[in-house]
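The chain contents come next:
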Amino acid sequence: MKHHLTRPRFTRRLKIVFSLGLLGFAAVMNAADTHAFKPGELWLDAGGKPINAHGGGMLYHQGTYYWYGEHKEGPTTTPACNKSWGGTRTEMVGFHCYSSTNLFQWKDEGLVLRAVTNDAQPDLHPSGVLERPKVVFNARTKKFVMWMHIDSADYSAARAGVAVAEQPTGPFTYLNSVRPEGQMSRDQTLFQDEDGTAYRIYSSENNQTTYISQLSDDYLTHSGKFVKAFAGRSMEAQAICKRDGKYYLIASGCSGWAPNAARSAVADNIMGPWTELGNPCEGKDAQTTFAGQSTYLLPVAGKPGAIIFMADIWKGDDIASSRYLWLPVRFEDDKPRIRWEKSWNLSVFDH
Ligand code: GAL
């Protein structure tokens, strides 16, 4: 016998079906929404917490992206030693890692290198500076090698630190720090070429000159082969990518947490000579890199020539509230071009 619902029950069921439908629609809309990069907006990880990986770099390994960056938390202070130049800081906590297969949704992989209070490892004392981690995988040793900027609170130590791990998600074992080529080393990045050779690119000579050093075969030391590039140009936040056989660099000027105009350059050989191409940003706020500072040039897997400009929007008076700025890099007349987009996704690279 056919069962007839009474009118109130029927209405209730209708309401439930309708609500479920609405929920489903909202979920689909939400998923679509998370599949857009929104520069400067709060970016939550898969667990709903703000992503905490500043001054970061990316490793793409076996189909997964690993985002490593500075974990910033706690109050922002100006130590007495930095009063003259207004250098604010937060206590060193460590480097945070997130993983993703689509670049939008990030799984929290926790702290992969931590600050320590024991005297055995003064480089990692919370009172110091730990910045700009970059990780590459060494196919020969099967180790994940991380290089970083190690400093004292007043930035006078100016050293490069190195750590290794068996897994991309760590934990990383800290090895030591050096003053490469006998010189200072502050802001830094790594570049791994197609032939497996890795290079470290860093601000040296009191941030005036960018050094490009070839790393040893195991990536754990500097090989001694290096060049001085952009002498006297005071660059920081260097990021490098390779496209159609050419090397491109995007960097910032030196103005602490405050944004400035980015620079770009191209070379046929990573060791130079480099030719400057000017500010890659165009449009409103191009002179301040849309309030950001470069940190990495990320090739998108499966989309040859597609590069994402990864940058930080630093909040110098509340560093833990700093945000991210990711924008597509377009290559026009062989020059990188970056324009502001409020919201975008990877389909921009398809046309
Ligand atoms: C910036 C640098 C950052 C951080 C900051 C401290 O110039 O790129 O990584 O060191 O100075 O003021």
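Higher on the page you've got the structure.
Report follows, based on the coordinates. (Residues numbered from 1 in each chain as written. Predicted model: local features only at pLDDT ≥ 70, side-chain atom pairs only at ≥ 80, totals over all residues. Heavy atoms only, no water.)

Tallied over the entire structure, the rule returns 24 aromatic pairs. Between Y248 and F331, the aromatic rings sit 4.9 Å apart at their centres with planes inclined by 65°, giving edge-to-face as the arrangement. Separated by 83 residues along the polypeptide, Y248 in strand β14 (residues 246-252) and F331 in strand β20 (residues 323-332) bring together distant segments of the chain. According to the relative accessible area criterion, Y248 is buried, its value standing at 3%. Relative accessible area serves as the criterion here: at 16%, F331 is assigned to the buried category. In this structure an aromatic cluster arises from ring pairing among F37, W43, W67, Y98, F104, W106, Y324, W326, W344 and F349. We note R200 situated over the ring of Y202; from NZ or CZ to the ring centre the distance is 4.1 Å. (Phe/Tyr/Trp six-rings, centres within 6.5 Å; stacked < 30°, edge-to-face > 60°. Helix = DSSP H or I, 4+ residues; strand = E, 2+ residues; numbered from the N terminus. Buried < 20%, exposed > 50% of the residue type's maximum accessible area, 1.4 Å probe, protein only. Lys NZ or Arg CZ within 6 Å of the ring centre and 35° of its normal.)

Below, the discussion takes up the site of the ligand. Inspection of the region around the ligand gives E131, R132, Y155, D187, E236, G256, W257 and Q293 as its neighbouring residues. Within the side chain of R132, an N or O atom sits 3.0 Å from an oxygen atom of the ligand. Coverage of the ligand by the protein chains reaches 96% of its 310 Å² of free accessible surface. Classifying every residue of the shell around the ligand by side-chain character gives two nonpolar, two polar and four charged. (Near = heavy atom within 4 Å. Polar contact = N/O pair within 3.5 Å; in protein donor to acceptor, adjacent residues only side chain to side chain. Areas by Shrake-Rupley, 256 points an atom, 1.4 Å probe, with all protein chains shown as cover. Nonpolar A, V, L, I, M, F, W, Y, C, P; charged D, E, K, R; others polar.)

So, about unusual backbone geometry. Cis rather than trans, the peptide bond between G170 and P171 has omega equal to 0°. Residue G272 is joined to P273 through a cis peptide bond whose omega torsion reads 0°. The topology assignment puts P273 in the loop between β15 (263-267) and β16 (275-278). Positive phi, normally seen in glycine, also occurs at E205, with a value near 45°. Within the secondary structure, E205 is located in the loop between β10 (198-204) and β11 (209-215).

Another point: the sheet that holds β15. What the four strands build is an open sheet, ordered β13-β14-β15-β16; its pairing is antiparallel. In this open sheet, the two edge strands, each paired with only one partner strand, are β13 (236-243) and β16. Across this sheet, the average inter-strand angle for adjacent strands is 25°, counted without regard to direction. Relative to β14, β13 runs antiparallel, the two sharing six bridges. (Pairing = 2+ DSSP bridges. Axes fitted to C-alpha atoms, helices over the stretch in contact; angles between N-to-C directions.)

Here the focus is the side chain of T210. One can find T210 in strand β11. A distance of 3.1 Å separates a polar atom in the side chain of T210 from a polar atom in the side chain of Q238. Once residues lying within four places of it in the same chain are set aside, the contact partners of T210 are I201, Y202, V227, K228, A229, F230, M235 and Q238. (Contact = heavy atoms within 4.5 Å.)

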